[in-house]
Amino acid sequence: MSEQQDQAPPAMRREAEPAHSTPDTTQTFGHDSDLSFVPFGSELSQAELDAISALPARAALLLVRSGPTAGARYLLDSEVATVGRHPEADIFFDDVTVSRRHAEITRRPEGFELVDQRSLNGSYVDGERVDRALLVNGAEVRIGKFRLTFFISPVDLPLPADG
């Protein structure tokens, strides 16, 4: 009987080990069919409009429209901005629906590109799941439960065609 007692504690330890890794996992957000795309209107505050109009050339702004940090603004003015639940991410979203290294936003000659980093819940642009996508002015980006709107510096916007 003492041999069986010696074997029981290791089995109990093995069962307890997965519980320690649970807090560091990404929780799935639901099925793609549950994630309907409903665009936001143009209801921007004066402070948001001022922030957009003050953007320097080759910069952009992400406004968090819904999620735990709604109202937050993120300036994109570097070659690469990391997005994720990792505390050292440039855009840190502390939520289990966001992967630790969820996505990157890279500045290219043609504009900013969102590149998913094989995240569990995926990255969405205007309601479509994407591996990579060039962001256009006013695009909606969804990372986990966070919905953001992307704005290009007015300096970099194409001029309206004459006509």
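Description of the structure in this document.

Calculation notes
- Residues numbered from 1 in each chain as written.
- Predicted model: local features only at pLDDT ≥ 70, side-chain atom pairs only at ≥ 80, totals over all residues.
- Heavy atoms only, no water.
- Phe/Tyr/Trp six-rings, centres within 6.5 Å; stacked < 30°, edge-to-face > 60°.
- Helix = DSSP H or I, 4+ residues; strand = E, 2+ residues; numbered from the N terminus.
- Buried < 20%, exposed > 50% of the residue type's maximum accessible area, 1.4 Å probe, protein only.
- Lys NZ or Arg CZ within 6 Å of the ring centre and 35° of its normal.
- Pairing = 2+ DSSP bridges.
- Salt bridge = Lys/Arg side-chain N within 4 Å of Asp/Glu carboxyl O.

## Remarks on the packing of aromatic side chains
Phase 1 of the analysis: Summed over the entire model, instances satisfying the criterion amount to three aromatic pairs.
Phase 2 of the analysis: Measuring from centroid to centroid gives 5.9 Å for Phe112 and Phe150, while their planes differ by 65°, and the two rings are edge-to-face. With a gap of 38 residues between them, Phe112 in strand S6 (residues 111-116) and Phe150 in strand S11 (residues 146-152) connect regions that are remote in the sequence.
Phase 3 of the analysis: Note on Phe150: relative accessible area 0%, which makes it buried.
Phase 4 of the analysis: Clustering of aromatic rings is evident, with ring pairs tying together Tyr74, Phe93 and Phe146.
Phase 5 of the analysis: For Arg142, the ring lying beneath its charged end belongs to Tyr124, and the centroid distance is 3.8 Å.

## Structural notes on the sheet that holds strand S3 (residues 80-84)
Phase 1 of the analysis: Reading across from one edge, S4-S3-S5-S6-S9 is the order of the five strands in this open sheet, with mixed pairing throughout. The strands lining the two open edges of the sheet, one partner per strand, are strand S4 (91-92) and strand S9 (132-134).
Phase 2 of the analysis: The pairing of S3 with strand S5 (residues 103-108) spans four bridges and is classified as antiparallel. If you follow Thr82 over to S5, its bridge partner there is Glu104.

## As for the pattern of salt bridges
Note on pairing: side chains with opposite charge can pair once their charged atoms come close.
Phase 1 of the analysis: All told, the structure shown has seven salt bridges when counted by the stated rule.
Phase 2 of the analysis: A salt bridge links Arg107 to Glu79; the nearest nitrogen and oxygen atoms lie 2.7 Å apart. Of this pair, Arg107 sits in strand S5 while Glu79 sits in the loop between strand S2 (73-76) and S3, placing them 28 residues apart in sequence.
Phase 3 of the analysis: Where Lys145 meets Asp95, a salt bridge forms, and the shortest distance between an N and an O atom there is 3.5 Å. A residue pair is termed long-range when its members are at least 10 positions apart, and Lys145 in the loop between strand S10 (140-143) and S11 and Asp95 in the loop between S4 and S5 qualify at 50 residues.
Phase 4 of the analysis: Its relative accessible area of 36% is what places Lys145 among the partly exposed residues.
Phase 5 of the analysis: Among the ionic contacts, a cluster of salt bridges with common partners joins Arg58, Glu79 and Arg107.

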